[in-house]
Every structure is written in C-alpha cells, then in structure tokens.
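Working through the structure, step by step
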Amino acid sequence: MLLTGAAIQWTGVSAQADTDADADSPSHVTLYGRLNVAAESVSGGGGGHQARLSNYRSVIGFQGREGLGDGSSVVWQIEGSVLVDNGGGTSLANRDTRIGLTGPWGTAFAGVWTLPYNAATAGFDPFYPTTAGYMSLISNGSASNASNVSDTASFDRRQQNVLQYWTPSWAGWSGKLAYSPGEDVSPITGARPSLWSGSASYVQGAFTAVLAHEQHRHFQTPQSTDRGWKLGASWSLGATRVSGLVERLDYGSASGRLRRDALYVSAVHAWGPFSLMGGLTLAGTGKGPSTARIGALRSGDDTGAAQLTVGASYALSRRTSVFAIASRIRNEAAAAYDFAINSPGATAGSHPTLMAMGMRHNF
C-alpha cells in the first residue's frame, strides 16, 4: 500500500534493554519515501483552463520494528507529506503514522492511518493517488487527513485518532477493523461524532475479493448515521489485471436519507517496462427525500456522472517511472463532481478534463 522501496536500513540493539531476551531482539529502522509530480493541463472547472505543476501525495517516512520474543514485536511508523511542486505545507506525521504491537494473533495499533474501507480497494485503481484517481466519484471525495468533524462527507479517509486491529491471514482470509472515538464536538450537529470501519479480504493466487463497510455516527445531525458499502474483486491473468467494485453510499440528513450507487472497473496490461491503464467510473443519480448536498452527492434528476481515465507508464528502473494520463468527468446537468485532489473547481453540468505527464520515484 505504501508503494515504496527501502533505501536505508539500520539494525541495532536497544540501549534500554532490561533483560537478556530483549537485548537479543534487534531493532530495525527503515527510511522510505515516494516523490510523485506531474505537469498538468486542466479545463472544465470554474477557473477555466489551467496549466500547472501538481504534487501527487509525495511522502517521506520512517518505520521500525523491535522484537519482543515469542513472535511478538513493537511496530511503529512516522510518515509525512512532501510537496514536490512548491515545498510548502510539509509535515512530519500527517500521513500514515502509528505505534502498536504485532504477533501471531494479528496487529493492533493507534495513530493516524488509512481506514480499512479506503485501503480495501485503493489498489484496484492504477491512477491512485493522482488527480485522476477514482476517488473523484467513488467514496465521495478524498480526506487525506481527517477527524470526525473536519470532513463529514468522504469515505476515502486517512483518519486521526484511530485504533485499528488487523487479523492474521488464514487460508487466504484476513480482516481489518478500525474505530475513531468521539473526541470533538461537531459544529454541525453539536454531538460527538464517531466512526467505525472494517473490511474482509480473500486472496487466492491471482484472485482477490474484498468486502468493506464504514459507518459515521452523528456526522450530519445529532441522530444520523452515514454508511458506505463496497464489494470488489481483482484478477490477474498473465500480464493483464482486471479489477472492479460496486459501492453504495447512504447518508442521513435533516431532510431525510440520501443514497447513491456507483460502479468502477479498471484494467492494466504490461509489456515489459510499458504499461497501459484504463479506468471507468459510473455514479448513479442521488435518491431519497433529502434536499441536502453532501460532498458532491445530491438527490434528484440529472445528478449522476461518469469518469473515464486512460494512461501509460514506462519503468526507467525498478524504482522510477514516467507516465502520461488523460481523464474526463462528464457531469449531468445538476451534478458537480470534481477531481478529488488538485480540484479545478467544477460547477453543475461541467466536464473537468485533465492531461498530465509526470514522474514517480520510490526510495
């Protein structure tokens, strides 16, 4: 999920070891990162045509492990954003950051981390996490670092103040569960919103299937519950991988329920260092009595949208690649879906369009 390769690793012994067993358990620390940037031409938004350089969630991080004996270890990670385009806003720990324990029983940790609902299918999208990523329509936007009160619409989340447990794999099956407690009072509901997220995965050879569910309590009103469901699968045959998912989002608002269904399919085919990629998202019309707009979702006629993305990449080395992407969102007359990151400012009925050429390096 991190899309990284280790470049520097230190191995040592804790200077604070209290027992001989601890002293014999090495501590491993790895420096890693991803630099990902592209020159873009964007049109169809409220700002007209734009030529720009955009950062695609570049990161730098440290991760480590200390053996505790009996197959158990302390695991930790500190990851922050790096803005390759302008150098501003860099943070030490605003990405996947945690401390926890792992062993034969699974992994448990606390921190800031991508939620299971998000992680379950992010790998199905070959354009994640670029401007053209599927979160423009799937999951109703992207919250790269969110609390329960800072983003009340998106189901594509990296969550603050989160506890997670990951099961070990058994006969191809594994699961993840996350909980974010109600620490803050919502300025919208006056309540203390909380969140649950979970996923189950089955991996057998070249086949992967996932089921994910997430629940947001009191995000829209003091009594409301928002829910997201995803069912997806991915299959590789030789040099070709095909993936797909269906999603339902269901929100509670003061004026009633708001529901929307969506479908996503993608394909990747590789010829040596070359890869061709494509993705198609279809977002249905919003349904229900709600008169609210939540993120890009609203109820009524002509509120659906479609996004088509195609691209190609060439691997210069195991860690470095160049790529080209073209993407277009076609909004119906009353819809205003936009690119989820580096948004150009879509308006109702507009058709945001992207052309990009860039480079990615993992270290």
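Check the entry above for the structure.
Residues numbered from 1 in each chain as written. Predicted model: local features only at pLDDT ≥ 70, side-chain atom pairs only at ≥ 80, totals over all residues. Heavy atoms only, no water.

Within the protein one finds two helices and 19 strands. Taking 2.2 N^0.38 as the reference for a compact globule, 363 residues should give roughly 21 Å; the C-alpha atoms of the protein span a radius of gyration of 21 Å, in line with that estimate. Expressed along its principal axes, the backbone C-alpha trace of the protein runs to roughly 70 × 50 × 45 Å. Residue pairs in contact within the protein that sit at least 24 positions apart in sequence constitute 56% of those at least 6 positions apart. Summed over its atoms, the accessible surface of the protein is roughly 15,900 Å², and 60% of this surface lies on carbon and sulfur atoms. Taken as two groups, the 26 positive and 24 negative side-chain charges of the protein have centres that lie 8 Å from each other. (Helix = DSSP H or I, 4+ residues; strand = E, 2+ residues; numbered from the N terminus. Rg over C-alpha atoms; globule rule 2.2 N^0.38 Å. Contact = heavy atoms within 4.5 Å. Areas by Shrake-Rupley, 256 points an atom, 1.4 Å probe, with all protein chains shown as cover. Lys, Arg positive; Asp, Glu negative; His and termini not counted. Charge placed at Lys NZ, Arg CZ, Asp CG, Glu CD.)

According to the stated counting rule, one finds seven salt bridges in the structure shown. The residue Glu79 makes a salt bridge to Arg95 at a minimum N-O spacing of 4.0 Å. In this pair, Glu79 sits in strand 5 (residues 72-82) while Arg95 sits in the loop between strand 5 and strand 6 (97-103), placing the two residues 16 residues apart along the sequence. (Salt bridge = Lys/Arg side-chain N within 4 Å of Asp/Glu carboxyl O.)

Attention now moves to the packing of aromatic side chains. The full count for this structure, using the stated rule, is 11 aromatic pairs. Pairing Tyr128 with Tyr134 gives two aromatic rings, centres 6.0 Å apart and planes at 90 degrees, and the pair type is edge-to-face. Here Tyr128 matches Tyr134 in class, with each residue buried. These aromatic residues form a ring-pair network of at least three members: Phe109, Trp113 and Trp166. The ring of Phe109 has Arg98 sitting right over it, with the charged end atom 4.6 Å from the ring centre. It is Arg98 that lies over the ring of Trp113; its NZ or CZ is 4.6 Å from the centre. (Phe/Tyr/Trp six-rings, centres within 6.5 Å; stacked < 30°, edge-to-face > 60°. Buried < 20%, exposed > 50% of the residue type's maximum accessible area, 1.4 Å probe, protein only. Lys NZ or Arg CZ within 6 Å of the ring centre and 35° of its normal.)

Here the bond from Tyr128 into Pro129 is cis, since omega is 5 degrees, no more than 30 degrees from zero. If you trace the backbone, Pro129 turns up in the loop between helix 2 (116-122) and strand 8 (143-146). Although it is not a glycine, Asp70 adopts a positive phi angle of roughly 60 degrees. The topology assignment puts Asp70 in the loop between strand 4 (58-69) and strand 5. Although it is not a glycine, Ser139 adopts a positive phi angle of roughly 70 degrees. As for its placement among the helices and strands, Ser139 is situated in the loop between helix 2 and strand 8. The exposure class of Ser139 is buried, given its relative accessible area of 1%.

Once that is clear, we can look at a nonpolar patch on the surface. On the surface, a nonpolar cluster with roughly 740 Å² of combined accessible area is contributed by Leu211, Leu231, Val246, Leu263, Val265, Leu280, Leu282, Leu308 and Val310. Among the elements of the structure, strand 15 (256-271), strand 16 (274-283) and strand 17 (305-315) are those that each provide at least two residues to the nonpolar patch. For Leu263, the position within the fold is in strand 15. (Patch = residues over 30% accessible without salt bridge, like charges linked within 9 Å, V, L, I, M, F, W, Y side chains within 5 Å.)

Counting 40 residues, the largest nonpolar core has Tyr134, Tyr251 and Tyr337 as its most contacted members. Those elements giving two or more residues to this core turn out to be strand 2 (26-43), helix 2, strand 12 (207-217), strand 14 (240-253), strand 15, strand 16, strand 18 (320-331) and strand 19 (353-362). Leave out the neighbours within four places in its chain, and Tyr134 touches Asn118, Thr121, Ala122, Asp125, Tyr128, Asp156, Lys230, Leu245, Tyr264, Thr281 and Gln307. (Core = buried A, V, L, I, M, F, W, Y, C linked by side-chain atoms within 4.5 Å.)

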